[in-house]
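Structural features, examined
The primary structure of each chain is shown beneath.
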Number of protein chains: 4
Amino acid sequence: MLHFQCDYTKGCHPAVLQRLIDTNMEDLPGYDVNCYTESAKEKIRKACNCPEAQIFFMVGGTQTNQNVISTMLAPYEGVVATNLGHVATHEAGAIEYSGHKVLEVPAHDGKVKAEDVKKLAATFYGDDNHSHMVYPGMVYVSHPTETGTLYTKAELEAIADVCHQYNMHLYLDGARLGYGLASPDSDLTIEDIARITDVFYIGGTKVGAICGEALVFTKNNMPDHFVTMVKQHGALLAKGRLLGVQFDALFTDDLYFKLGQNAMEKAQKMRAIFEEKGYEYHYNSPSNQQFFVLENSKMKELAEHVVFERWEVIDENHTAARFCTSWATTDEDLEALKAFL
Amino acid sequence: MLHFQCDYTKGCHPAVLQRLIDTNMEDLPGYDVNCYTESAKEKIRKACNCPEAQIFFMVGGTQTNQNVISTMLAPYEGVVATNLGHVATHEAGAIEYSGHKVLEVPAHDGKVKAEDVKKLAATFYGDDNHSHMVYPGMVYVSHPTETGTLYTKAELEAIADVCHQYNMHLYLDGARLGYGLASPDSDLTIEDIARITDVFYIGGTKVGAICGEALVFTKNNMPDHFVTMVKQHGALLAKGRLLGVQFDALFTDDLYFKLGQNAMEKAQKMRAIFEEKGYEYHYNSPSNQQFFVLENSKMKELAEHVVFERWEVIDENHTAARFCTSWATTDEDLEALKAFL
Amino acid sequence: MLHFQCDYTKGCHPAVLQRLIDTNMEDLPGYDVNCYTESAKEKIRKACNCPEAQIFFMVGGTQTNQNVISTMLAPYEGVVATNLGHVATHEAGAIEYSGHKVLEVPAHDGKVKAEDVKKLAATFYGDDNHSHMVYPGMVYVSHPTETGTLYTKAELEAIADVCHQYNMHLYLDGARLGYGLASPDSDLTIEDIARITDVFYIGGTKVGAICGEALVFTKNNMPDHFVTMVKQHGALLAKGRLLGVQFDALFTDDLYFKLGQNAMEKAQKMRAIFEEKGYEYHYNSPSNQQFFVLENSKMKELAEHVVFERWEVIDENHTAARFCTSWATTDEDLEALKAFL
Amino acid sequence: MLHFQCDYTKGCHPAVLQRLIDTNMEDLPGYDVNCYTESAKEKIRKACNCPEAQIFFMVGGTQTNQNVISTMLAPYEGVVATNLGHVATHEAGAIEYSGHKVLEVPAHDGKVKAEDVKKLAATFYGDDNHSHMVYPGMVYVSHPTETGTLYTKAELEAIADVCHQYNMHLYLDGARLGYGLASPDSDLTIEDIARITDVFYIGGTKVGAICGEALVFTKNNMPDHFVTMVKQHGALLAKGRLLGVQFDALFTDDLYFKLGQNAMEKAQKMRAIFEEKGYEYHYNSPSNQQFFVLENSKMKELAEHVVFERWEVIDENHTAARFCTSWATTDEDLEALKAFL
């Protein structure tokens, strides 16, 4: 069976695993601080060209989103996201569980538009009394987005400008950041992201780790007593080494970026294969998630050999499906896929 | 440096690590269900002699406590625990964060006393109107307790009787369960615990895993849509394999129980060493956490070679300190410790 | 100055006030139960032709919405409302504060459409795994709606059918119920509403009381320990007599319904006046909130004599404005208004 | 039947009622700001000799406690109270519902002791790592306390000193403040309380109002967007006039203080009567709540004519009972009571 349904079907990259093996019997202190978390933080600060970055490692994406959003917002504030945003739709209400509203704006090609945020925020600064409404306190963007699209540097800067004009934080969910950065269509580097956003996370779970996300506060703006609030959310890992060692490995010799490049090379090959076979795009994604239109009869046949994600019903005879590449995708996988298309 | 400060200074047991290595490149589905979680569940059901047990794997103890307690309680209910209970004191308010009060009863030798629970619960069933008070909906016990003590079968059954008389759940926090079960002073088996309690967790983080706890609902009483609520709490691991593989290894060939036995053998040797050297007990613990009284001058000297936990100031010249054994403690470690005492 | 900005600018109806005066020095028990709350409940049960109705009095609308929604939903559920719904936009996130998401559907003429709810709910019962999404557990409708429109009996029944097919509660916010019931365009009686919905509230604050809403559980479905949860929300009034006495007065001699009729007669006169003066409708509302288009120059002039609510900017020269009638509106008020138009 | 069970069995003082009658048909804006709230605030500022005080009116005590505590605390902080504190025991978990822990210290004669707070707070500033514990962020005192006792000026100042040394707020719950201020045993004035505390509330519900508490932020420290957070808690009254008018009346011609004096004169007479009849004190309370020991046979007999609160079982033949005086207690009430003793 071929696995293209998502980018987290395998464990971790062999180099990451090796570091876990090598360090396994060392005695290390519990929780968030040990020599590996500290080394990993230093490497990430360098990669981001952001010496003052404050970094915290968490186990997963929804957990990271919930912790960042709920600790950076004031109680009367909500977070702005598109109607497709992961926090808006696929986190089982984790943001609302923390007491905050997700203020939806329409997705344009999967993305938040600066103009929409400005329009929303501006009304809170005008003559009208909005004291019975939820104040926008943060903008959430995912990069790549839920439909695989990417923000340009100009787009992200425009959103940041609006955020800072209206006292909102800009938060970037980088669950698949490694893949976005490696896209040939991207003009954003990790340094740009560290400079433009207020806080973002570097996704490990989908990019080479068995679990783990590196949360980066870029403006010396980690909330006071953040570790206590993480503990309060049940999100403080007892053996923080598991996260520190992995990120230390991922940021050694540019491994994280190389894993992104592999996925993107494979994504481009996959696109060429589907194009060659005459399939149409459902979304035209520049990153590792690819969306194609399948005839239902073909879809059934293919499902006997390949696992992919049924994305959306298009009409009674067609369905859109998602195929993901990852750090682990090989040319052999793609050749095998090609044979079934 | 010798490490006796806690039972989670090392990674995972080599056999557990080996299973992670062996399965690393397999393609597995995300989240809570895969062949390893299913295999581990089956083995745990057998070990507990509880074929109907519903099992869920989580990353850590505070997370597990928060998820169990908040999903099993009605909104108007609180959880009863001793004033030393982990949920009462060392989880940064994780239970209150979920909206529930911890109703404290005094610790007797670290333990909840059935009589105290009965006294508390009975008032809610009498003539008085308690509608302005928090109803006791669950009793939380840890086994071993925070001071290393163990419930007898009779004590646990007495608490269970009161719980069921007053419609409360009995929940056992087994962060160190493996060590408690292996104590020569214990008359409780894992089957007993599954039979007596309504829900408990088998601690992995402190007993051979790099992370992970196996939550066991013993009475076909897992809350509806539990997985959605876990997701909502930010506690659903994307690569559930990490937990499934480890618990599958821990429950193969009784490894979990053997790890407990090692810690207990080493704890007894440690006790003999301290006794031989003339130290006094602070608490007389039958499990892997041992508490001794140190003269402050000795404590300083020892701290140059051994890491231990300062537990409590006794007087201006004496301090109580905690020394833990674990699955990883060796005779060599103890010999080295002896030389410094 | 004339006051048409809303329907809560005055205190309470003189007959309601008289009952407060008459009972003021009586000794009555605290909180929710006294002879007046019990008498008021009995009268409401009769008015609703719903002998099994369970009734609870609360101080205000947002408080009532928050208490009903958060106590009737399971933790993993959200409430469906239109994007204009009061709970979605004008309660400062009170629903999210209680941990639940508001699942928005588009407003059609201010109303929820049964088809939209069905489409949303049905996906949770199909093949797809929605365990990472918020389940719809309740539908919230306001009647009259935020734009003054009214559900027909057929529309409300269609929504109820979908709700019950998919195990959702149907909740009707009747902040202005008295006005809706008295509208000549309405085919819904209070008995119909009690029969069709699972829970609704009869608004007092906007219809003759100085404060207070009567929450009616129509299907013997008041959550267990509701009074304790109300207390927990800080919403249990110490002197419940204040609510009981007022509702007892409002449901004596059909006062509540007569107050509705006055507002509706005055609303129709107001419509005739605006029509006669050549104004256009912004929304064509059949209830006591009326929406007209004003030229900005006229709006400024009018604002010197009349208080009304600026609703929405239409274009650079025109603004929509809201004018409300109420139980207290007199023919003299309307004549005076006419003179300024 | 005579009513001594609590101090809230009647409506409001006639002068307060008269102001509600006089203003009933005036048109006033909704929510928290109108001419009467503003006038009442100004009078309270003067009474407190605190020109910068920020004042907000709320409906009830638990609501006020929940709103103050949850908006002034950081998410990682809890509130310190005695084990008898209203917030600790009789608010159905309203503080925990808002996500915060109540950190209990022992009650000494019903009161918080400065030394206990210091001991608790100091540990968070020492060498130990308390990052897994709930930080004390506020001290809650009630004055009079739940057992009728009163803080001396020196005691309150000592607590304030500790609070400010350790960055905690001092909050005083004045549900019965009027009675405490009028006690001949009290050396605290309302100006003292405004000066010493950071925030306190002046109880109206129990001292002459039909509902309402005046929350006073004394140090220009009202949380930003407080009105929005109050709305979010469901606690913003639509017709704020109800609270403004009442407090305006209560703070006209020292009515509030005179009501306190009446209750205290009657309490002293009541004490004399009970003493004369040979009853013993359960607590020796200097305020309007009086606690006596009754023989059970006498208690039964008395209960046929007098309503009082059974406080605590003392032994099989004796019960402690609470008898309250209030603004409404008359000499005739006491004579009648005397006849039954």
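Another point: the overall build of chain A. On a plain count of helices and strands, chain A comes out with 14 helices and 13 strands. Relative to a compact globule of 341 residues, whose C-alpha radius of gyration would be 20 Å, chain A shows 20 Å and is just as compact. Within chain A, contacts between residues at least 6 apart in sequence are counted, and of these 71% link residues at least 24 apart. Accessible surface, chain A as shown: approximately 11,900 Å² in total, 48% of it carbon and sulfur. Considering chain A, the positive charge centre built from 29 side chains and the negative charge centre built from 47 side chains are found 4 Å apart.

Now for the interface of chain A and chain B. Opposite the 43 residues of chain A that make contact, chain B presents 43 residues. Carbon and sulfur atoms make up 58% of the area that chain A and chain B hide from each other, which totals about 4,000 Å². A per-residue breakdown of the area chain A buries against chain B is headed by D27, Y97 and K239 of chain A, which together make up 18% of the total. Summed over the shared surface of chain A and chain B, the number is two salt bridges. Across the salt bridge formed by D27 of chain A and K10 of chain B, the nearest N and O atoms sit 3.0 Å from each other.

Another point: the sheet that holds strand β12 (residues 309-315) of chain D. Two strands in a sheet stick together by hydrogen bonds in their backbones, pointing the same way (parallel) or opposite ways (antiparallel). All names here are of chain D. With antiparallel pairing, four strands are arranged side by side in an open sheet as β9-β10-β13-β12. Taken across any chain shown, the strands that pair with only one partner, and hence form the sheet edges, are β9 (280-283) and β12. Neighbour-to-neighbour, the strand axes of this sheet turn through a mean angle of 35 degrees, independent of strand direction. With seven bridges connecting them, strand β10 (residues 289-295) and strand β13 (residues 318-324) associate as antiparallel partners.

We now examine the state of the cysteines. Scanning all chains against the criterion turns up zero disulfides over all chains. Unpaired in this structure, C48 of chain B has its nearest cysteine sulfur neighbour in C50 of chain B, at a distance of 6.5 Å. Note on C6 of chain C: no disulfide assigned, nearest cysteine sulfur contributed by C324 of chain C at a separation of 6.4 Å. With relative accessibility at 7%, the residue C6 of chain C sits in the buried group.

The next subject is the packing of aromatic side chains. Residues and elements named next belong to chain A. Tallying each qualifying case throughout the model produces 82 aromatic pairs over all chains. Measuring from ring centre to ring centre gives 4.9 Å for F291 and W311, while their planes differ by 70 degrees; the resulting arrangement is edge-to-face. Residue F291 is found in strand β10 (residues 289-295), and its partner W311 is found in strand β12 (residues 309-315); the two are separated by 20 residues along the sequence. Here W311 falls in the partly exposed class, since its relative accessible area comes to 26%.

If you look at the interface, chain B gives 17 residues, while chain D gives 17 residues. A buried area of about 1,200 Å², summed over both sides, lies between chain B and chain D, and 53% of it is on carbon and sulfur atoms. Contact with chain D buries surface across chain B, with E96, K101 and H132 of chain B losing the most and accounting together for 40% of the total. Between the two partners, chain B and chain D, sit two salt bridges. Applying the counting criterion to the chain B and chain D interface returns eight residue pairs in polar contact (both at pLDDT 80 or more). Among the secondary structure elements, those contributing two or more residues to the side of chain B that touches chain D are α4 (86-89), α5 (94-97) and β4 (102-105) of chain B. Partitioned by chemical class, the residues of the side of chain B that touches chain D number six nonpolar, seven polar and four charged.

Moving on to the relation of the copies chain A and chain B. At an RMSD of 0.0 Å, chain A and chain B line up after a rotation of 180 degrees and a shift of 0.0 Å along the axis. Both copies of the chain, as the preceding transformation shows, are related through a two-fold rotation axis. A share of 100% of interface residues in chain A that are also interface residues in chain B marks the association as one of identical surfaces.

For the rest of this paragraph, the subject is helix α3 (residues 61-72) of chain B. Because an α-helix completes one turn every 3.6 residues, residues spaced three or four positions apart along the sequence face the same direction. Relative to the 16 Å expected for twelve residues at 1.5 Å per residue, α3 of chain B spans 16 Å between its end C-alpha atoms, a close match to the ideal helical length. Considered for burial, the residues of α3 of chain B that qualify are G61, T62, Q63, T64, N65, Q66, N67, V68, I69, S70, T71 and M72 of chain B.

It is worth spelling out the sheet that holds strand β8 (residues 213-217) of chain A at this point. Residue and element names in this part refer to chain A. Read across the open sheet, the seven strands follow the order β2-β8-β7-β6-β5-β3-β4; overall the sheet is mixed. Edge positions in the sheet fall to β2 (54-58) and β4 (102-105), since each of these pairs with one other strand and no more. Between one strand axis and the next, the sheet turns through 25 degrees on average, direction left out of account. Two elements, strand β3 (residues 77-82) and strand β5 (residues 135-142), share four bridges in a ladder whose sense is parallel. Counterpart to E77 in the pairing with β5 is Y135. Sheet strands touched by helix α3 (residues 61-72): β2, β3, β5, β6 (169-174), β7 (199-203) and β8. Its angle to β6, the strand with the most contacts, is close to 175 degrees.

Right, let's talk about the packing of helix α2 (residues 35-48) of chain A against helix α11 (residues 241-250) of chain A for a bit. Residues and elements named next belong to chain A. Contact geometry for α2 and α11: axes closest at 7 Å, N-to-C directions at 35 degrees. Of the two possible hands of crossing, α2 and α11 adopt the one that is left-handed. Residues Y36, T37, S39, A40, K43 and I44 of α2 touch α11, and the partners they reach there are G244, V245, F247 and D248. For the contact of α2 with α11, a count of residues per class yields five nonpolar, three polar and two charged.

Membership of the largest hydrophobic core comes to 131 residues, with the highest contact counts inside it found for I202 of chain C together with I202 of chain D. If sequence neighbours within four positions are ignored, I202 of chain D has contacts with I44, G174, L177, I190, E213, A214, V216, F247, F251 and Y256 of chain D. Core analysis: the second largest hydrophobic core is formed by 130 residues, C12 and L181 of chain A together with Y36 and A194 of chain B among them.

The next thing to look at is the pattern of salt bridges. Taken as a whole, this structure holds 64 salt bridges over all chains when the rule is applied. Note that K101 of chain A is salt-bridged to E96 of chain C, the shortest N-O span being 2.8 Å. Of this pair, K101 of chain A sits in the loop between α5 (94-97) and β4 while E96 of chain C sits in helix α5 (residues 94-97), which puts the two residues in different chains. Its relative accessible area of 7% is what places K101 of chain A among the buried residues. With a closest N to O distance of 3.3 Å, R195 of chain C and E157 of chain C form a salt bridge. Of the two residues, R195 of chain C is situated in helix α9 (residues 190-196) and E157 of chain C in helix α7 (residues 153-165); the sequence distance between them amounts to 38 residues. For E157 of chain C, a relative accessible area of 29% translates into the label partly exposed. Among the ionic contacts, a cluster of salt bridges with common partners joins K153, E157, D192 and R195 of chain A.

Conventions used here
Residues numbered from 1 in each chain as written. Chains lettered and ligands numbered in written order. Predicted model: local features only at pLDDT ≥ 70, side-chain atom pairs only at ≥ 80, totals over all residues. Heavy atoms only, no water. Helix = DSSP H or I, 4+ residues; strand = E, 2+ residues; numbered from the N terminus. Rg over C-alpha atoms; globule rule 2.2 N^0.38 Å. Contact = heavy atoms within 4.5 Å. Areas by Shrake-Rupley, 256 points an atom, 1.4 Å probe, with all protein chains shown as cover. Lys, Arg positive; Asp, Glu negative; His and termini not counted. Charge placed at Lys NZ, Arg CZ, Asp CG, Glu CD. Buried area = accessible area lost by both parts, 1.4 Å probe. Salt bridge = Lys/Arg side-chain N within 4 Å of Asp/Glu carboxyl O. Pairing = 2+ DSSP bridges. Axes fitted to C-alpha atoms, helices over the stretch in contact; angles between N-to-C directions. Disulfide = S-S within 2.5 Å. Buried < 20%, exposed > 50% of the residue type's maximum accessible area, 1.4 Å probe, protein only. Phe/Tyr/Trp six-rings, centres within 6.5 Å; stacked < 30°, edge-to-face > 60°. Polar contact = N/O pair within 3.5 Å; in protein donor to acceptor, adjacent residues only side chain to side chain. Nonpolar A, V, L, I, M, F, W, Y, C, P; charged D, E, K, R; others polar. Least-squares fit on C-alpha atoms with pLDDT ≥ 70 in both. Expected span 1.5 Å × (residues − 1). Left-handed = near helix turned anticlockwise from the far one by under 90°. Core = buried A, V, L, I, M, F, W, Y, C linked by side-chain atoms within 4.5 Å.

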